[in-house]
Amino acid sequence: MSKKIILAAVAATLLAVPAAPAFARATPAASAPAPVKIDKKRIDAALKAMVDSGRAVGVSAVVWKDGQERYFGTAGMADREGGKLMRRDTLVQIFSMTKPVTGVALMQLWEQGKFGLDDPLSRYLPDFADMKVMDAQGQTRPAARPILIRDILRHTAGFSYGGTATPADAAFTALDPMNQANDLTEFGRRIAKAPLLFDPGEQWSYSAAVDVQALLVEKLTGQPFEAYVKAHILEPLGMKEAAWTQPEAAFARLAATYNKGPDGKLARQSDAETRRLNFDPARRLTMGGAGIVAPIDDYARFSRMLLNEGELDGVRILKPSTVRLMATDHLDPRVTQRLWLPSKGTVGFGFDFTVRKSQPQTAAENRGAIGEFFWDGRETTLFWVDPVNHLTAVFFVQTYPFDGTLHHDFREAVYGADYLGPKGD
């Protein structure tokens with residue numbers, strides 16, 4: 001199987017309420033900055049520049065603010081060679097933007113008392129009872145403490161994702177837990193045999209932990225993960241087309257992936273490669289960390305639910321307190337090794353979300369407000385939820401490898417180049 005598919009989510013770096021949610025009310029009105037005003041012409045120009053510069057073949061974006069859609073726009077082509085424009089109903093592979101959906105599924109079960117955040121993972125998945133840590137010389141020792149469920153929600157479990165030169169990553173790759181021929185049970189059996197990169201709780205490292213979350217959902221519910229998510233998140237929210245398994249008829253609306261070559265130009269990925277995640281009947285693995293295909297409005301419904309503290313159009317998915325819990329930084333200050341997470345800005349990490357902790361420090365840092373939470377995907381997709389400004393935005397593109405300049409330019413177009421947001425903690 002293609003290495004790009006095995007590592008789909010690793011490459012990720014590599015809306016609607018009329019009043020502010022409770023957790024956005026920490027700043028007194030007198031000290032608040034001027035409200036954000038959505039400038040359609042500015043955003044249109046930014047999207048056009050992405051395509052004109054050759055950084056993207058096609059892009060689309062939607063912004064909701066104060067309970068209304070304030071912007072929708074597209075630029076360029078969903079399939080340049082096929083002559084297909086980027087449209088509102090274009091389907092996109094969102095890769096790691098699947099992770100927050102998985103986190104919501106697991107936290108629904110937490111609300112039901114199915115587990116405790118500080119329960120050992122092995123209480124429910126016994127294969128993870130005797131984890132080993134492998135050092136740089138390839139020597140193993142018992143982990144200093146068990147993996148807690150909290151660890152798999154915040155990427156502190158010590159799991160690998162493969163792709164580096166460490167002995168632990170080599171062992172992970174050899175076990176091939178993320179082979180699409182594995183179901184989640186087989187995935188779990190294999191990853192439980194893989195050595196950890198570090199003791200649980202000691203570092204932040206992006207990993208296959210969210211796929212373990214999906215396995216845990218299956219174990220706690222007795223349902224296939226994809227079926228559970230469809231019944232408890234996608235269908236209730238009216239996300240009519242978002243899914244891992246797609247019908248063949250949908251392929252004609254799927255945006256092509258464009259890979260940047262050594263010459264800096266974007267070249268279309270083969271259809272055979274693109275089909276692997278969603279259109280291959282032989283696929284057995286439903287990843288918690290990647291795999292959903294969706295149109296932009298489907299994902300906007302998910303993000304609007306989060307902005308509205310767990311509810312949309314009268315359907316409650318999570319309690320407001322659970323959304324706030326997920327959107328809070330859970331990294332202890334002693335967790336100083338955080339891989340590439342600091343490249344996202346002055347942020348911490350909650351449960352399957354990055355969380356902004358302070359105002360942008362430099363002009364190069366992405367614009368945003370303290371308290372926002374967000375995530376992105378392998379092919380440079382992005383969404384964020386900004387409770388301070390009652391705003392959520394979704395950005396779709398299929399550019400690989402991940403190009404953070406697109407995020408910078410889109411956020412600047414939404415907020416303005418000088419926006420810092422209110423001061424706060």
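Definitions and limits used
- Residues numbered from 1 in each chain as written.
- Predicted model: local features only at pLDDT ≥ 70, side-chain atom pairs only at ≥ 80, totals over all residues.
- Heavy atoms only, no water.
- Helix = DSSP H or I, 4+ residues; strand = E, 2+ residues; numbered from the N terminus.
- Rg over C-alpha atoms; globule rule 2.2 N^0.38 Å.
- Areas by Shrake-Rupley, 256 points an atom, 1.4 Å probe, with all protein chains shown as cover.
- Expected span 1.5 Å × (residues − 1).
- Buried < 20%, exposed > 50% of the residue type's maximum accessible area, 1.4 Å probe, protein only.
- pLDDT = per-residue confidence, 0-100.
- Contact = heavy atoms within 4.5 Å.
- Polar contact = N/O pair within 3.5 Å; in protein donor to acceptor, adjacent residues only side chain to side chain.
- Salt bridge = Lys/Arg side-chain N within 4 Å of Asp/Glu carboxyl O.
- Pairing = 2+ DSSP bridges.

Let's talk about the overall build of the protein
Okay, step 1: When helices and strands are counted, the protein shows twelve helices and 17 strands.
Okay, step 2: A compact globule built from 425 residues should have a C-alpha radius of gyration of about 22 Å, and the protein, at 20 Å, falls within 12% of that.
Okay, step 3: With the C-alpha coordinates of the protein rotated into their principal frame, the extents come out at 55 × 50 × 40 Å.
Okay, step 4: Carbon and sulfur atoms make up 53% of the accessible area of the protein, which amounts to about 16300 Å² in all.

A closer look at unusual backbone geometry
Okay, step 1: A cis amide bond links Tyr400 to the next residue, Pro401, at an omega of 0 degrees.
Okay, step 2: Within the secondary structure, Pro401 sits in the loop between strand E17 (399–400) and helix H12 (404–415).
Okay, step 3: In the Ramachandran plot, Phe95 falls in the positive-phi region, its phi being about 50 degrees despite a non-glycine side chain.
Okay, step 4: Assignment of secondary structure puts Phe95 in the loop between strand E4 (91–93) and helix H3 (99–111).
Okay, step 5: Even without being glycine, His155 reaches a positive phi, approximately 65 degrees.
Okay, step 6: With respect to the element layout, His155 can be found in the loop between helix H4 (149–154) and helix H5 (167–175).

Quick look at H12
Okay, step 1: Between its terminal C-alpha atoms H12 stretches 17 Å, which fits the 16 Å expected from twelve residues at 1.5 Å a residue.
Okay, step 2: Those residues of H12 lying buried are Leu406, His407, His408, Phe410, Arg411, Ala413, Val414 and Tyr415.
Okay, step 3: Directly beyond the C-terminal end of H12, a positive phi value near 100 degrees is found at Gly416.

Quick notes on the confidence of the model for the protein
Okay, step 1: Of the residues in the protein, 92% have a pLDDT of 70 or more, and the chain-wide mean is 93.
Okay, step 2: Confidence drops under a pLDDT of 50 for residues 1–30, and excluding neighbours within four residues, the segment shows 89 contacts in the predicted structure.

Thoughts on the side chain of Lys344
Okay, step 1: Turning to its location among the elements, Lys344 is positioned in the loop between helix H11 (320–326) and strand E12 (347–349).
Okay, step 2: Side chain to side chain, Lys344 and Asp376 meet in a polar contact 2.6 Å long.

A short note on the pattern of salt bridges
When their charged atoms lie close together, side chains carrying opposite charge are able to pair.
Okay, step 1: Tallied over the full model, the rule gives 32 salt bridges.
Okay, step 2: One salt bridge in this structure joins Asp183 and Arg284, with 3.3 Å as the shortest N-O distance. With Asp183 in the loop between H5 and helix H6 (184–191) and Arg284 in the loop between helix H9 (271–275) and strand E9 (293–295), this pair connects stretches of sequence that are 101 residues apart.
Okay, step 3: In this structure, the salt-bridge partner of Lys344 is Asp376, at a minimum N-O distance of 2.6 Å. Here Lys344 is found in the loop between H11 and E12, whereas its partner Asp376 is found in strand E14 (residues 373–376), with 32 residues between them in sequence. The burial state of Lys344 is the same as that of Asp376; both residues are buried.
Okay, step 4: Among the charged side chains, a network of salt bridges with common partners joins Asp79, Arg80, Glu81, Arg268 and Asp271.

Observations concerning the sheet that holds E17
Okay, step 1: Strand order across the open sheet formed by three strands is E8-E7-E17, with mixed pairing between neighbours. Strand pairing shows two members of the sheet lacking a second neighbour, strand E8 (266–268) and E17, which therefore form its edges.
Okay, step 2: One ladder, built from two bridges, connects strand E7 (residues 258–260) with E17; its direction is parallel. Note that in E17 the partner of Tyr258 across the bridge is Thr399.

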